[in-house]
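Remarks on the overall topology
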Amino acid sequence: MRAALPRYHRGLQPLQRVPELRSVDREEICGSHMLTRRKWIVSTGSFTLSALGRAHGAAPEEAPAEALIALPGKKPLIKRSFRPPNYETPPAELRRAFTANDAFFVRYHLASIPVINPRTWRLRVGGPSIVRPSDFSLAELKQRFERVSIPAINQCSGNRRGLFTPRVPGVQWGDGAMGNAIWSGVRLRDVLRRCELQGNALEVVFDGADGPLLPQTPDFKKSLPVERALDENTLIGFEMNGQPLPHFNGAPARLVVPGWTGTYWVKHLIEIRAQPYAFDGFWMKGAYRIPTGAFPGARFKSQENAETTPITQILVNSLITGPMPNGHLRRGEPATLTGWAWDGGTGISAVDVSMDGGASWQDAALEKDFGRFAWRGFRFALDTSQPGALALKVRATSRGGEQQPPKLTANPAGYHDNRIQSLMLEVA
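Residues numbered from 1 in each chain as written. Predicted model: local features only at pLDDT ≥ 70, side-chain atom pairs only at ≥ 80, totals over all residues. Heavy atoms only, no water.

This next bit is on the overall build of the chain. A tally of regular secondary structure across the chain gives six helices and 28 strands. Within the chain, the proportion of its 428 residues that are buried is 57%. Counting only contacts in the chain whose residues sit at least 6 apart along the sequence, the fraction spanning at least 24 positions is 70%. Carbon and sulfur atoms provide 51% of the accessible area of the chain, an area that totals close to 17200 Å². (Helix = DSSP H or I, 4+ residues; strand = E, 2+ residues; numbered from the N terminus. Buried < 20%, exposed > 50% of the residue type's maximum accessible area, 1.4 Å probe, protein only. Contact = heavy atoms within 4.5 Å. Areas by Shrake-Rupley, 256 points an atom, 1.4 Å probe, with all protein chains shown as cover.)

The structure is reproduced here in structure tokens:
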């Protein structure tokens, strides 16, 4: 079943699509076979979780039980939808500096997902703004181009959508449609330049091997403005935390766009096209759009209109990872508030904590800086000298001067929930 789509797809003109790969081409490029429903069901196990989701800003362990399912190669994750597979990282797994590969969230729009043989996989690079169309094997990418590694958050555009009130359509994510990892691969710009990218290029379009079950369902293709495609941090990634990409995270290669939301991180990458005009595919023109001018962040000028614009950068945000919400602390015993803070690429300059519901603020201690695209830990010693309720709030500030807001900015697609985090505790 397809996930519900934002309202912005209404009233669009017919799509002008980049030519599709023929089905035989996909087979030749990927050397793949499909993960069948039977194989999937046989390989999964079912569990429950009583520790997910939160109301406005509360920590994630206080909601009703959720189903946990172990996909092939994964620990039990929180199931949001079965087909296409959308599975969330449980809160306990978000306490690590780098989210484990087998606990990393899973996000798909289409249900036909290939299992790709990395030895036969090919990446095709072409389009009207490429002088020398080429294709590369995985071994050729590793041999011909400089290998780089970048610590970065991959965060779904709709992370925390399930916390919106009133409810908005789409996958009802809690806090766990995100993770922090070290991504390794080659720079996209090096590959484009090897293929002689022309100066007239406006956008670069990316296609993955996953596909729709029905011909009328739009294939999942995304584009980047050429300047972001040529950024030194945009990668064709083939490793995650020092290991080959897991199947459900895009093996054998995916796009890595640090600082931008996960919609651009195209999985199972098989084709790259550079072109001198704006891409008119559904997933650019009809989805992943926000009200123009409503949020800060990088602009995607060739895709903007007066009403809406594509979501781009991750906004400054934070997550409390301990103590547990609605927990009880012993009077006089040490207790520490911990969590992560991140933004779209300037880095975190400060995290403030309030113990009185926001009336006053104190500095938290920042922990190791893994890089400007990664999250950064914070720590704050709680005052447990007096009994009673602690109404804690946490807000992060980026080096670019952006600060978490106290209120949600409503939008029809349920994006960018970066409200100040809240936590209620009791000192007894």
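On to the sheet that holds strand β12 (residues 203–208), then. Hydrogen bonding along the main chain pairs the strands of a sheet, whether they run parallel or antiparallel. Spatially, the five strands line up as an open sheet ordered β9-β8-β17-β12-β13, and their pairing is mixed. Of all the strands in the sheet, just β9 (134–137) and β13 (221–225) have a single pairing partner and so form its edges. Each strand axis lies, on average, 20° off the axis of its neighbour in the sheet, ignoring direction. The pairing of strand β8 (residues 122–126) with strand β17 (residues 269–275) spans three bridges and is classified as parallel. Its bridge partner being in β17, V125 is matched across the sheet by I272. (Pairing = 2+ DSSP bridges. Axes fitted to C-alpha atoms, helices over the stretch in contact; angles between N-to-C directions.)

In total, this model carries 14 aromatic pairs according to the counting rule given. Judged by centre distance (5.1 Å) and plane angle (70°), the ring pair of W260 and Y264 falls under edge-to-face. When the ring of W260 is compared with that of F300, the centres are 6.4 Å apart and the planes differ by 55°; the resulting orientation is tilted. Here the residue W260 occupies a position in the loop between β16 (254–256) and β17, and F300 occupies one in the loop between β18 (289–291) and β19 (308–310), the gap between them amounting to 40 residues. Residue class for F300 comes out buried when judged on its relative accessible area of 0%. Lying over the aromatic face of Y108, K267 brings its terminal NZ or CZ to 4.5 Å of the ring centre. Directly above the aromatic system of W361 lies the positively charged group of R395, at a separation of 4.0 Å from the ring centroid. (Phe/Tyr/Trp six-rings, centres within 6.5 Å; stacked < 30°, edge-to-face > 60°. Lys NZ or Arg CZ within 6 Å of the ring centre and 35° of its normal.)

Another point: the nonpolar core. V125, L141, W183, F206, I236 and I272 are the most contacted members of the largest nonpolar core, which has 67 residues in total. Membership of the second largest hydrophobic core comes to 21 residues, among which are V316, A341, L390 and L392. (Core = buried A, V, L, I, M, F, W, Y, C linked by side-chain atoms within 4.5 Å.)

Across the six residues that make up strand β20 (residues 317–322), a large majority, six, are buried. Sheet analysis places β20 next to strand β22 (residues 336–342), joined by five bridges and oriented antiparallel. Across the sheet, G322 pairs through a bridge with T338, a residue of β22.

Pairing in this open sheet of five strands is mixed, and the strands run β21-β28-β27-β23-β24 from one edge to the other. Two strands in the sheet have a free side with no partner beyond their single neighbour: β21 (328–329) and β24 (362–363). Summarising the sheet, strand β27 (residues 388–398) and strand β28 (residues 421–427) pair through seven bridges and their orientation is antiparallel. Counterpart to L390 in the pairing with β28 is L425.

The next thing to look at is unusual backbone geometry. Glycine aside, a negative phi is what most residues show, and trans is what most peptide bonds show. Cis geometry marks the peptide bond from A251 to P252, where omega comes out at 0°. By secondary structure assignment, the location of P252 is in the loop between β15 (243–244) and β16. Cis geometry is adopted by the peptide bond preceding P323, which originates at G322 and carries an omega value of 0°. Assignment of secondary structure puts P323 in the loop between β20 and β21. One non-glycine residue, H268, lies in the positive phi region at around 50°. Of note, H268 is situated in the loop between β16 and β17. With relative accessibility at 0%, the residue H268 sits in the buried group.

Mean pLDDT over the chain works out to 88, with 85% of the residues at or above the 70 mark. Throughout residues 1–24 the model reports pLDDT below 50, and contacts reaching past four residues in sequence, or to other chains, amount to 54 contacts. Low pLDDT (under 50) marks residues 40–64, which in the prediction has 80 contacts with non-local residues, meaning those over four places away or in another chain. (pLDDT = per-residue confidence, 0-100.)

Moving on, we get to the side chain of R161. With respect to the secondary-structure elements, R161 resides in the loop between β10 (147–155) and β11 (178–187). E88 provides the closest opposite charge to the buried, unpaired R161, separated from it by 9.7 Å. For R161, the contacting residues outside a window of four places in its chain are V168, P169, G170, V171, Q172, W173, A413, G414 and Y415. (Lys, Arg positive; Asp, Glu negative; His and termini not counted. Salt bridge = Lys/Arg side-chain N within 4 Å of Asp/Glu carboxyl O.)

The next subject is the environment of P91. Structurally, P91 is set in the loop between β5 (86–88) and β6 (106–107). Given a relative accessible area of 9%, P91 falls into the buried group. The sequence separation of P91 and G176 amounts to 85 residues, and the corresponding C-alpha distance is 6.7 Å.

The next thing to look at is the pairing of strand β4 (residues 76–81). Alignment of strand β3 (residues 66–70) against β4, held across three bridges, turns out to be antiparallel. Looking across to β4, one finds that L68 is bridged to I78. Connecting β3 to the next strand, β4, in antiparallel fashion are five residues, including G73 with a positive phi near 80°. Examined bridge by bridge, β4 and β5 share three bridges and lie antiparallel to one another. The partner of S81 across the bridge, within β5, is N86. Linking β4 back to β5 in an antiparallel pair, the connection comprises four residues.

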